[in-house]
Amino acid sequence: MMKPEKPARTARRRPGEILAVGAVVLYAVLLLGIPLAAVLFGAFSEGFERFRTELLRPEAVSALRLTIQLAFVSAAINGCFGLIVAVTLARHRFSGRSLLNGLVDLPFGVSPVVAGLALLLLFGRGGWLENVVSAVGLRVVFDWTGLLLATVFVSLPFVIREVIPVLQQVGTAHEEAAYVLGAKPWQAFWWITLPAIRWAFVYGLILTLARSLGEFGAVLVVGGGIRGITQTATVYIYHSLDARNEVGAFSMALVLAVVTIAVFLGAEAIKRREERRRAGEGPTRQALR
Amino acid sequence: MSIRLEHVLKRFGELVILQRTSLEVRDGEFFVLLGASGSGKTTLLRIIAGLEPADEGLVLLHDRDVTWAPPQERNIGMVFQNYLIFRHMTVAENIEFGLRLRGTSLTERRRRREELLDLVGLAGLDNRFPHQLSGGQQQRVALARALAYNPEVLLLDEPFGALDVQIRSSLRRNLKRIQRSLGVTTILVTHDQEEAFELADRIGILERGHLLEVGRPGDLYWRPKVSFTASFLGGGALIVGRVEQDKARFGHLSLELPDELQAEGLTRVQLMIRPEQVALLEEAPEDRSVCLGKGEVLEDWFVGAYRRVRLRLPHLPGTRQAHPVPPFGEPALLVDALLPGSLSAIASAYWAVLNGWHLLRAPDFRFLLVCFGGDTKAPHRPLLGKWLVERLEATALCLLPNEVSPLADRQEEKPESEAVSDRAESPKIELRPAGGNIAEAMSRELKRSLYDFLVLECRTDIAREDAARRFQELFGELTTALPVPTFAVVHSQEEIRHMLICTGAGEPGKEDIRLGGRLARRLGLPVTLLHVYHPQTSPEFARRHLDRAAATLQGLDLDVKLHVTAGEDVAETIVQEARRLECDLIVIGAHLEQPSWLTDQNITRRILAKAPCAVLIVPPPIELRSTAPSFLHTLPA
């Protein structure tokens, strides 16, 4: 009986390639995996019961709830607002367009602490908008509203930056075809444009969510980290460390990490689905040429 | 009348992409707009669709003014070049889209969808997505989608451009069948002449924004009214000849003028011969009245069903061939003819006899006349320009400087067509105030419309050097930037009696010789051909070129004298000879290697400063210039 041959594939890999790939994997594992392992270890260092107790503390629960609330509301706001801005920037020419385009990227460049400080100055005691806000009956500083403003600011660019390139690539030709068929502009947007940018939009939302979950500096400065009111999960971790409650800190960190990883895995799944869909259209694109 | 356009004009910045166009398409007609890329045909279609606004004019659909209506309100169907099917929807959803927007019920939508899929031959493909269909199938979906809601008008923008030839013919036939059975008024835009012939009830020929001619395919092919149509729609020869005693003369051929041309009092006329109309004989025919002569076979092409041959026949005296253009230095008559494809051997020469022909108008020259300098007392009449326009039976636009106020007043009453009486007696010169800086007005006008010549006349009271400087302002730095051949008249001159064509140092030009020759022929002038060579070089190099130049000019039946002179200073020598020979026009080419216009070395500028008469500056051939007008073959004899 003949011995089965080794699969050709292994024979083709050159040693240099194995080395390079191996180095990269090692780097990623070290840089990302070790901190994650540390968090995992720290959370369970005193056993599963301690972990559970820490998480079920009322302050912990409310911090987590607050963080998740903020993340979803800011995603909703940045989703709507971002879509409008994206369409305006991609489809219309107007003076000040490049200025607006630059401003959209501002949250990337500015430190979140500075953003928090700005809000503090605007809405705090003696601030320009203090009277306006209190007339409406709102409080911004040391309040949920302030946290929301801060979170919306830092996660602003994502939806816009994901959607604009797709809008530009898709072009207006299909919308014109829709107009001729009888669609009014909003109908064309709903039936034709939105479906084309659907996945880019969702990906932008997910990035917004992830960013909002992890926000720390701005919400600390504007909110003050008041336990039960303006203490987000990230601030809770910070305070726990201060109070030498390491297990508490690690437990919350682990939860945040797991949620964020889940969110990103979802994003990856969406991206892969989009790529598969686009690959299916490949022959179409060639036929058009 | 289903579709009517009235004087629709469209600009893009300063450029006019659609000249005032009027068009009528009848109910149920299949109309094809045929033109090359850039002719404005897609723009015209988009204006009818409402996707672009017209800058001027009206669009009427079924007698309803829709000029300002958005596309949604026009009730039209449109098929685009790249289909534009909605990729995230199935075939069924695509087709039903228009119906859904109109609130049609589900059952009615489904019924209509089935009906349309049947009509275009895609039954059963309801649930496919566009990326699962071939190009031809996608195009049919686009058609079904456009027809779903029974539009009043169907527009198609080069719908078959991206498809294979076989698929194209079968789709074409289907489209024609569908259009006939539905009876929907249709406009299709294409650059494919075969497609136009196969589909159209009537064809409109578009060229550079002008709708040149509209007619049935057969009429346009056999009896075109415009030169461009004749050469765009198929092969054939175009020959310009004279009209004498109500007959069209081409050498020994004497042909009856058709009725519509007789009444116009023409002196020139063009003969169109399609290859199908030329019979080839190996023996000389008995009846020579429609015989073109005997010619050798230059080339032959195998085209499947037949063979096409190009014959070189002896030049017909008194004519000029506009298309195909005979090579430089070899006056001849080039005629294409057809032989059966099954013929095994082709003779080396044949006698060509005409089985049929068509006579059409020869195109007019268009002049742009600009007079400048001088005071308000001296009237700004274009002297030489007027003479040229009259003798060449051309049309002209005259730009007047703003300083002339009485004229400007009168001009406001009659802005267009009619001439103001004592200013320009010829009815073909349209006067217009420049409205600002005359140099800008001139370059705007040259961009706006197509001109064959520019005539710049300067007043007598300006010193010669000043005039040359004014010319410099108008031309800018290089004479090679001249868009059209330009007459520069530095003093009062009323006519031309003797022409001097110069081939100076550097690259000998063919274009200036050709153009000079044509003008001389039309004006009936004697020509002296002058070549100046540097005393230290031998004239032999230029001798060959001169011989060919002389042959070309003789082929135009001109009285040519050759003159070769040595001279250190080319410009100076040319001016001296012009004075000595008493010439009224110096024709020079704007040579490419000349130093910049700004320096004193520039030959053209120096000639202008010293010339005793008008100077015609001919820019480099069209192929070497960046913007190429496509009227090349329609430049008149």
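The shown structure was predicted, so the numbers you read here are calculated from the model rather than taken from an experiment.

Before going further, it helps to spend a moment on the overall build of chain A. Along chain A, the regular secondary structure elements total 16 helices and zero strands. For 289 residues, the compact-globule estimate of 2.2 N^0.38 gives 19 Å, and the C-alpha radius of gyration of chain A, at 24 Å, exceeds that figure by more than 25%. Dimensions of chain A, computed from the C-alpha atoms along their principal axes, are close to 70 × 70 × 30 Å. Sequence separation of at least 24 residues holds for 76% of the intrachain contacts in chain A that already meet a minimum separation of 6.

Before going further, it helps to spend a moment on helix H3 (residues 106-120) of chain B. All names here are of chain B. Compared with an ideal rise of 1.5 Å per residue, which puts 15 residues at 21 Å, H3 spans 21 Å between its outermost C-alpha atoms and is within 8% of the ideal. Looking only at H3, the buried set comprises Arg109, Arg112, Arg113, Leu116, Leu117 and Val120. Looking straight down H3, one finds its buried side chains confined to an arc of 135°; they lie on one side. Seen from the buried face of H3, the exposed residues on the opposite side, beyond 90 degrees, are Thr107, Glu108, Arg111 and Asp118. Among the structural elements, helix H2 (91-101) and helix H4 (135-147) are those in contact with the buried residues of H3. Among the residues trailing H3, glycine 121 stands out with phi positive, at a value near 80°.

Here we come to the nonpolar core. Residues and elements named next belong to chain B. Counting 106 residues, the largest nonpolar core has Leu155 and Val335 as its most contacted members. With six residues, H4 is the single largest residue contributor to this core. When near neighbours in sequence (up to four residues on either side) are disregarded, leucine 155 contacts Leu45, Ile48, Ala49, Ile76, Met78 and Ile187. Counting 67 residues, the second-largest nonpolar core is a separate cluster that includes Phe367, Leu454, Val587 and Ile617.

Residues and elements named next belong to chain B. Of all residues in chain B, 84% have pLDDT values of 70 or greater, and the mean over the chain is 81. Within the model, pLDDT remains below 50 along residues 405-426, and this stretch shows 24 contacts once partners closer than five positions in the same chain are excluded. Considering only residues more than four positions removed or in separate chains, one finds that residues 625-637, a stretch of pLDDT under 50, has 31 contacts. Overall fold confidence (pTM) sits at 0.74, and the ipTM for the predicted complex is 0.72.

As a further point, take the confidence of the model for chain A. Residue and element names in this part refer to chain A. Confidence in the prediction for chain A averages 86 pLDDT; 92% of positions are at 70 or higher. Across chain A, helix H11 (residues 173-181) holds the top mean pLDDT of 93, while helix H16 (residues 282-288) sits lowest at 43. Here residues 282-289 is a poorly scored stretch, pLDDT under 50, and it has seven contacts once near neighbours within four places are set aside; other chains count.

Residue and element names in this part refer to chain B. With 18 residues, helix H5 (residues 165-182) extends 26 Å from end C-alpha to end C-alpha; this agrees with the ideal 26 Å at 1.5 Å per step. The secondary structure elements touched by the buried residues of H5 are strand E3 (30-35), H3, H4, strand E8 (185-190) and helix H6 (193-199). Where H5 terminates, the next one or two residues include glycine 183, which has phi positive at roughly 65°.

The next point concerns unusual backbone geometry. Going from His323(B) to Pro324(B), the amide bond is cis rather than trans, its omega being -15°. Counting through the fold element by element, Pro324(B) comes out in the loop between strand E18 (320-323) and strand E19 (333-340). Backbone geometry at Arg244(A) places phi at a positive 60°, although glycine is not the residue there. Looking at the secondary structure, you find Arg244(A) in the loop between helix H14 (233-242) and helix H15 (246-280). In this structure Arg244(A) comes out as exposed when scored by C-beta crowding, with 8 C-beta atoms within 10 Å. A positive phi angle, near 50°, is found at Gln245(B), a position not held by glycine.

Residue and element names in this part refer to chain B. Spatial ordering of the open sheet is given by E15-E20-E16-E17-E19, a layout of five strands whose pairing is antiparallel. Only two strands of the sheet have a single neighbouring strand rather than two, namely strand E15 (278-281) and E19. The sheet shows a mean angle of 45° between the axes of neighbouring strands, direction not considered. Strand direction decides the pairing type here: E15 and strand E20 (residues 349-354), joined by four bridges, are antiparallel. Residue pairing for E20: alanine 279 is matched across the bridge by valine 353.

About the cut-offs
Residues numbered from 1 in each chain as written. Chains lettered and ligands numbered in written order. Predicted model: local features only at pLDDT ≥ 70, side-chain atom pairs only at ≥ 80, totals over all residues. Helix = DSSP H or I, 4+ residues; strand = E, 2+ residues; numbered from the N terminus. Rg over C-alpha atoms; globule rule 2.2 N^0.38 Å. Contact = placed C-beta atoms within 7 Å. Expected span 1.5 Å × (residues − 1). Buried ≥ 20, exposed ≤ 12 C-beta atoms within 10 Å, placed from the backbone. Arc of directions from axis to C-beta. Core = buried A, V, L, I, M, F, W, Y, C linked by C-beta atoms within 7 Å. pLDDT = per-residue confidence, 0-100. Pairing = 2+ DSSP bridges. Axes fitted to C-alpha atoms, helices over the stretch in contact; angles between N-to-C directions.

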